[in-house]
Amino acid sequence: MKLTLAEPKYLKDSIAIISDLVNEARFKVNPEAIELTAMDPANVAMVIFKLFSSCFTEYDVKKPMEISINLSNLKQILKRASQTDILSLEVTDENKLKITIKGTSTRTFSIPIIEIEEKEQKVPELNFSITVKMPSQLLNEAIEDADIVAESVTFLGDKSKLSIQAEGDLSRANIDIKSDDNVKITTDSKDPIKAKYSIEYLKKMIAGSKLSDDVTIQFSKDYPIKLEYKTIDKVDLAFILAPRVEND
C-alpha cells in the first residue's frame, strides 16, 4: 500500500476532528477509499469517515486491508504538514505506518499499527423526519450561541424554519434559521419535530465545517441526529449523536 496526497488538508483536518471523539481507530483501506466507522468511548457518538481515492495523486492499494492506529499519535504527525507539503503513507514490513512529509525538506515518521479488540461497528439504519441542508457556518454560530447559556440544545424544525434553543437556570438562547435559497428544509411531518442533544459533543462535530461549506442535518423526535460534511470526490465525514431524552 502506498498513498500520496498533494492536499494534506483533507486527511489532516479529518483526523484532528475525529481524534477529539475517538482515541484509537480501525481504518479500512480499499481500492475506492479509506474508511472508518467508530464509536466514542462513552457510546454516545458515532463517526463515519471516507477519504476517496480520487483525493490522492497516488493510490496504490492492491487488496483491501485494515490498519488500526492511535489517533492522537497520527494527529501530532499530520499537524507538522503544511498545506503545500506532499504527504505519503505506506505500511512497512515491520508493521508500522510510515508517513513521509515532503516540502523544502523530507521528513519521515513511523508509528506502530496496533491491535484493537473492539467489534466492528456497523452504521445503523436510521429514518429521519427532517433534513436541513445549510451553510455550516450558520450551525457553528448557533451552537456557539447556545453554548453560552446551557449544556444541551434543542433542535425544533418544521418546513419553514429550524430553531436551535438552549435554556440554562436563568438564561435562554433562541436562534431561528428560516428556509431560503441557502437553507433547504424537507420534512415528512405536519408537526414541528423536536429533539435535544449535548452541546459538548456538537461542538466537536461542527469542526467538520473545516472540510465543507455546507452541512446536512437530519433528526426526528427524541431520536439521534446526523451531521454530514461532504466535499465531492474528496471526503465525507458524518456524525451520529444520541439524543438527550427528558425524564418527565
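Relevant structure appears above.
So, here is what we can say about the structure in this document. Small disclaimer: the values here were computed from a predicted structure and weren't measured.

**Observations regarding the environment of Lys234**
Among the secondary structure elements, Lys234 is positioned in the loop between strand S17 (225-231) and strand S18 (235-241). Note on Lys234: relative accessible area 22%, which makes it partly exposed. Along the primary structure Lys234 and Tyr10 are separated by 224 residues, whereas in three dimensions their C-alpha atoms are 7.5 Å apart.

**Examining the pattern of salt bridges**
In total, this model carries 13 salt bridges according to the counting rule given. The partner of Lys9 in a salt bridge is Asp13, and the shortest N-O contact between them spans 3.5 Å. Highlighted residues: Lys9 and Asp13, both in helix H1 (residues 9-18), separated by 4 residues, approximately one helical turn. Given a relative accessible area of 24%, Lys9 falls into the partly exposed group. Put simply, Lys28, Glu120 and Lys122 are held in one network by salt bridges that share partners.

**A few points about the sheet that holds strand S15 (residues 193-198)**
Ordered by their spatial adjacency, 4 strands build an open sheet running S13-S12-S11-S15, and the pairing between neighbours is antiparallel. Each edge of the open sheet is held by one strand with a lone partner, namely strand S13 (172-178) and S15. Taking each pair of neighbouring strands and ignoring which way they run, the sheet shows an average axis angle of 20°. Against the sheet, helix H3 (residues 136-147) touches strand S11 (152-157), strand S12 (161-167) and S13, its axis set at about 165° to S13.

**Comments concerning the packing of H1 against helix H2 (residues 71-78)**
At a minimum axis distance of 9 Å, the contact between H1 and H2 shows a crossing angle of 145°. As for how H1 packs across H2, the hand of that crossing is left-handed. Here Leu11, Lys12, Ile15, Ala16 and Ile18 of H1 come into contact with H2, specifically with Leu71, Leu74, Lys75 and Leu78.

**Digging into the sheet that holds S18**
The antiparallel open sheet is built from 9 strands, whose spatial order is S6-S2-S3-S4-S18-S17-S16-S10-S14. At either end of the open sheet lies a strand with only one pairing partner, and these are strand S6 (65-70) and strand S14 (184-187). Between one strand and the next, the sheet's axes are offset by a mean angle of 15°, whatever the strand orientation. Pairing geometry for strand S3 (residues 33-39) and strand S4 (residues 45-52), over 7 bridges, is antiparallel. Residue pairing in the sheet places Met39 in a bridge with Met46 of S4. Across the sheet, H2 lies against strand S2 (24-29) and S6, angled at about 85° from S6, the strand it touches most. Contacting strand S10 (130-135), strand S16 (214-219) and S17, H3 crosses the sheet at an angle of about 100° to S10.

Cut-offs applied
- Residues numbered from 1 in each chain as written.
- Predicted model: local features only at pLDDT ≥ 70, side-chain atom pairs only at ≥ 80, totals over all residues.
- Heavy atoms only, no water.
- Helix = DSSP H or I, 4+ residues; strand = E, 2+ residues; numbered from the N terminus.
- Buried < 20%, exposed > 50% of the residue type's maximum accessible area, 1.4 Å probe, protein only.
- Salt bridge = Lys/Arg side-chain N within 4 Å of Asp/Glu carboxyl O.
- Pairing = 2+ DSSP bridges.
- Axes fitted to C-alpha atoms, helices over the stretch in contact; angles between N-to-C directions.
- Contact = heavy atoms within 4.5 Å.
- Left-handed = near helix turned anticlockwise from the far one by under 90°.

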